[in-house]
Amino acid sequence: MNILVTGANGLIGSSICGRLLQDGHQVVAVVRPGGLAPFGATKTVYLDVASAVDVQAWVPILENVHAVVNCVGALQDSPREDVAGIHVAGPAALFQACEQLGVRRVVHFSAIGVDRQQPSQFSETKFRGDDVVMARDLDWVILRPSVVLGRPAFGASALIRGLAALPVLPVMPGGGELQVVQLDDVVETVVKLLEPNAARQVILEMAGPQRLAFEEVVRIYRRWLGRRPAVQLPVPSIVASLLYSLGDLAGVLGWRPALRTTAKKEIARGATGDPQPWAATVGIQPRSLAEALKSAPANVQERWFSNLFFLKPLIFVVLPLFWIVTGIISVTVGFDEGLALMNRGNAGVLAVPSVVAGALADITIGIMIAFRRTSRLGLWGAVLVSIFYAIAGTILIPALWHEPLGPLLKIGPILVLHLVAFAILEER
């Protein structure tokens, strides 16, 4: 079959694409502009689903398509993401186009519990998206998974790995129970629902067989990573609120942190449900977390990712602050010292402009690194400016290489840290 998959570079979508291609299907992968296409996709369409609210935008994309798997999703509004557009408006146009063109089979991903409680815009718009697909004359199936865990990691699944690598286990207040579901089981379900005589117009909750507290899920991953049990550290509510607010701030800057106020609301609700209708409909017995991890031992890549998870936000906080504060100091309390340094190098009339230009360059680089959209360009600017400082300092004041605080020697570690930032910049 020729199958269209939206959100094709996401945690679930990319895995579905891989399985469908392995089974010999043709895959039309819909990804956000600038996103990475799934390897081997038959065709890639770069499209922002939130803005594709015109039915005619989907008509050429659906040409010769036999089925649609809608995996698009976003946790919270940000400059990069419009939750209502992603969950409701864009899919509404897609489903209407499917109805017009006779593409009857649609597998639509929602979220567990949205029919019972909508504590956030995420769950409210997910529920509205369910209504949109049910209103169409299609052979739809709505899947409502709990927290999905598998070998790939993004969002909650990445957060759990990161927490499992910490020397202590922070316990956030107000967490509900989880029935985590395995990514492989989710993918296998989609494959079965694309078969000719598969169930239609049903809603299936996808939940694992065990109810676990969030910290128990982390403890299981910790054992999987080969780490000793960690001491639990209850996080005070005021500290937890601050962390969620900082996550919101990162979202405003274009990043996708797992800890945001929407996550707080959804965690409090929990993610539990009845897996029996799902198991009976598709003939799958959901696996427990421990059972799934036993069949896929952790390797060095898993350990590296876990160890780097919380270092990444730390790096992308420290680097912007380093450049911005350095620039501010250069034109305030450190101006005279900077001017004296330039005069040591016989800069003459260029001394003042050089200090000011350097400060402005530093501040600009820091701001660019802070914003996700410009972070890569900012890192390149930081590397090039650091190299320029090293060369200029060597020419003008070579003694800076062997002065007690080693001002030029420190450029080396700074460059290495920027290269590390390059290496871990991608989110998917």
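Everything discussed here concerns the structure shown above.
Please read these numbers as outputs of a predicted model, since none were measured by experiment.

**Focus: the pairing of strand 2 (residues 26-31)**
Taking burial as the measure, the 6 residues of strand 2 include 5 buried ones, the bulk of the element. Here 5 bridges tie strand 1 (residues 2-6) to strand 2, and the two strands are oriented parallel to one another. Pairing of Val 5 across the sheet is with Ala 29, part of strand 2. What joins strand 1 to strand 2 is helix 1 (residues 11-22), and the crossover it makes is right-handed. Summarising the sheet, strand 2 and strand 3 (residues 43-46) pair through 4 bridges and their orientation is parallel. Across the sheet, Val 30 pairs through a bridge with Val 45, a residue of strand 3.

**Some details on the environment of Val 385**
With respect to the element layout, Val 385 can be found in helix 16 (residues 375-396). Look at Val 385 and you get buried, because its relative accessible area is 17%. The spatial distance from the C-alpha of Val 385 to the C-alpha of Ala 361 is 8.2 Å, given a sequence separation of 24 residues. Val 385 has contacts with Trp 323, Asp 362 and Ile 365, leaving out every residue within four places of it along the chain.

**Examining the pattern of salt bridges**
Taken as a whole, this structure holds 25 salt bridges when the rule is applied. Its salt-bridge partner being Asp 184, residue Arg 287 comes within 3.7 Å of it at the nearest N-O pair. Residue Arg 287 is found in the loop between helix 10 (276-282) and helix 11 (289-294), and its partner Asp 184 is found in helix 6 (residues 183-193); the two are separated by 103 residues along the sequence. One salt-bridge network, held together by shared partners, links Arg 80, Glu 81, Arg 256, Arg 372, Arg 376, Glu 426 and Glu 427.

**Considerations on the nonpolar core**
Val 5, Ile 16, Val 69, Phe 109 and Leu 143 are the most contacted members of the largest nonpolar core, which totals 32 residues. Core analysis: the next-biggest nonpolar cluster, separate from the first, contains 31 residues, Val 28, Trp 58, Ala 74 and Ala 93 among them.

**Brief notes about unusual backbone geometry**
The backbone of Asn 64 sits at a positive phi, close to 65 degrees, despite the residue not being glycine. On the basis of relative accessibility, which here comes to 59%, the residue Asn 64 falls in the exposed class.

**Focus: helix 17 (residues 411-423)**
Over its 13 residues, helix 17 extends 19 Å from the first C-alpha to the last, a length consistent with the 18 Å expected when each residue adds 1.5 Å. Taken together, the buried positions of helix 17 are Ile 411, His 418, Ala 421 and Phe 422. All buried residues of helix 17 project into a common sector of 105 degrees when viewed along the axis, lining one side. Opposite the packed face of helix 17, turned more than 90 degrees from it, sit the exposed residues Pro 413, Leu 419 and Ala 423.

**Observations regarding the sheet that holds strand 4 (residues 67-70)**
With parallel pairing, 7 strands are arranged side by side in an open sheet as 3-2-1-4-5-6-10. One side of each edge strand has no neighbouring strand; the edge strands of this open sheet are strand 3 and strand 10 (202-206). Sheet twist, expressed as the average angle between the axes of neighbouring strands with direction ignored, equals 15 degrees. Bridging between strand 5 (residues 105-109) and strand 6 (residues 139-145) involves 5 bridges; their strand directions are parallel. Opposite His 108, over in strand 6, you have Ile 142 as the bridge partner. Packed onto the sheet, helix 3 (residues 83-101) meets strand 1, strand 4 and strand 5 and runs at close to 170 degrees relative to strand 4. Here helix 4 (residues 121-134) sits on the sheet and contacts strand 5, strand 6 and strand 10; the angle it forms with strand 6, its principal contact strand, is near 165 degrees.

Thresholds applied
- Residues numbered from 1 in each chain as written.
- Predicted model: local features only at pLDDT ≥ 70, side-chain atom pairs only at ≥ 80, totals over all residues.
- Heavy atoms only, no water.
- Buried < 20%, exposed > 50% of the residue type's maximum accessible area, 1.4 Å probe, protein only.
- Helix = DSSP H or I, 4+ residues; strand = E, 2+ residues; numbered from the N terminus.
- Pairing = 2+ DSSP bridges.
- Right-handed = clockwise from strand over helix to strand, strands pointing away.
- Contact = heavy atoms within 4.5 Å.
- Salt bridge = Lys/Arg side-chain N within 4 Å of Asp/Glu carboxyl O.
- Core = buried A, V, L, I, M, F, W, Y, C linked by side-chain atoms within 4.5 Å.
- Expected span 1.5 Å × (residues − 1).
- Arc of directions from axis to C-beta.
- Axes fitted to C-alpha atoms, helices over the stretch in contact; angles between N-to-C directions.

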